[in-house]
Amino acid sequence: MIDSLERCRARLKSGSRLVIGVAGGSGSGKTTLAMLLAKHLGPELCEVLAQDSYYIDQSARFDGDGGQVNFDHPSSLDFELLHQQLDALLDGQPIEVPIYDFATHTRKKQTEHFEPKPLVIVDGTLILDAPEVFKRFCVSVFVETREEVRFARRMERDVRERGRTVAGVYLQFTRQVKPMHDQFVEPSKARASLVLSGESALDDELHRVLDALALQA
Ligand SMILES: Nc1ncnc2c1ncn2[C@@H]1O[C@H](COP(=O)(O)OP(=O)(O)O)[C@@H](O)[C@H]1O
Ligand SMILES: [Mg+2]
């Protein structure tokens, strides 16, 4: 692990600009893996960009969890802006990342300033399904986790961190998260260059990402 980490660091310091994608179902462990990778490489070399920041403002249509708005469908996301901003970063320009408020389903007025880094990690469920975004990845990871595990993790997170009710989370999972997973997320795994387990020891999985990255950087 130390070896591949050092190799990665050295290559990233040599001036290359890379984007990698970390995809997988909701609750699979994408954000955990992306954050761990970012932590190991450090803030000078890398930063994480979340698909979640690119939700289109849905406040006018939102009618409750599991209702009319399908947050798990690709049309709920502004992938156009995401790929434009990836191009800007690859070009060495800073970007202003939208901030999405999960409590009100609105895009905030403020944005988050994001400086170009040698490595950008994009974390999201549908990023391998969006062709213009996928094209920009030199390594694409799919984190694979069983549905019952993903559901339990999501329930815990949405109730605790996103102010949702148990019934609302259940409804949204069965009506939207699961069908969209089966229709878009799972099939996109075939495009991944690396399929990892979201239920195994994270250090082992991280090692495999670093190895793949060291070959690219
Ligand atoms: N490899 C793993 N083993 C055990 N628990 C994990 C693993 N990866 C993530 N988790 C846990 O699962 C939950 C969901 O992970 P998260 O990274 O937020 O998922 P995602 O971003 O894919 O929705 C978190 O509580 C996290 O600590
Ligand atoms: Mg996440």
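Residues numbered from 1 in each chain as written. Chains lettered and ligands numbered in written order. Predicted model: local features only at pLDDT ≥ 70, side-chain atom pairs only at ≥ 80, totals over all residues. Heavy atoms only, no water.

(A) Up close: helix H2 (residues 30-41). With 12 residues, H2 extends 17 Å between its outermost C-alpha atoms, agreeing within 8% with the 16 Å of an ideal straight helix rising 1.5 Å per residue. Along H2, the residues classified as buried are Lys-30, Leu-33, Ala-34, Leu-36, Leu-37, Ala-38 and Leu-41. Remark: Gly-42 follows H2 within two positions and exhibits a positive phi of approximately 90 degrees. (Helix = DSSP H or I, 4+ residues; strand = E, 2+ residues; numbered from the N terminus. Expected span 1.5 Å × (residues − 1). Buried < 20%, exposed > 50% of the residue type's maximum accessible area, 1.4 Å probe, protein only.)

(B) Molecular detail of helix H6 (residues 166-188). For H6, which comprises 23 residues, the first-to-last C-alpha distance of 29 Å sits more than 12% below the rise-based estimate of 33 Å (1.5 Å per residue). If you look at H6, its biggest bend is around 50 degrees, right at His-181. Turning to H6, its buried residues are Gly-168, Val-169, Gln-172, Phe-173, Gln-176, Val-177, Met-180, His-181, Phe-184, Val-185 and Ser-188. Close packing links the buried residues of H6 with strand E1 (18-24), strand E6 (139-144) and helix H5 (147-161). (Bend = angle between axes of the 7 residues up to and from the residue. Contact = heavy atoms within 4.5 Å.)

(C) Up close: the pairing of strand E4 (residues 106-114). Inspection of the sheet shows strand E3 (residues 95-101) paired to E4 by six bridges, in the antiparallel sense. Residue pairing across strands places Tyr-100 opposite Arg-107, the latter belonging to E4. Turn length for the E3-E4 hairpin, with the two strands adjacent in sequence and antiparallel, is four residues, and the turn residue His-105 shows positive phi of about 60 degrees. (Pairing = 2+ DSSP bridges.)

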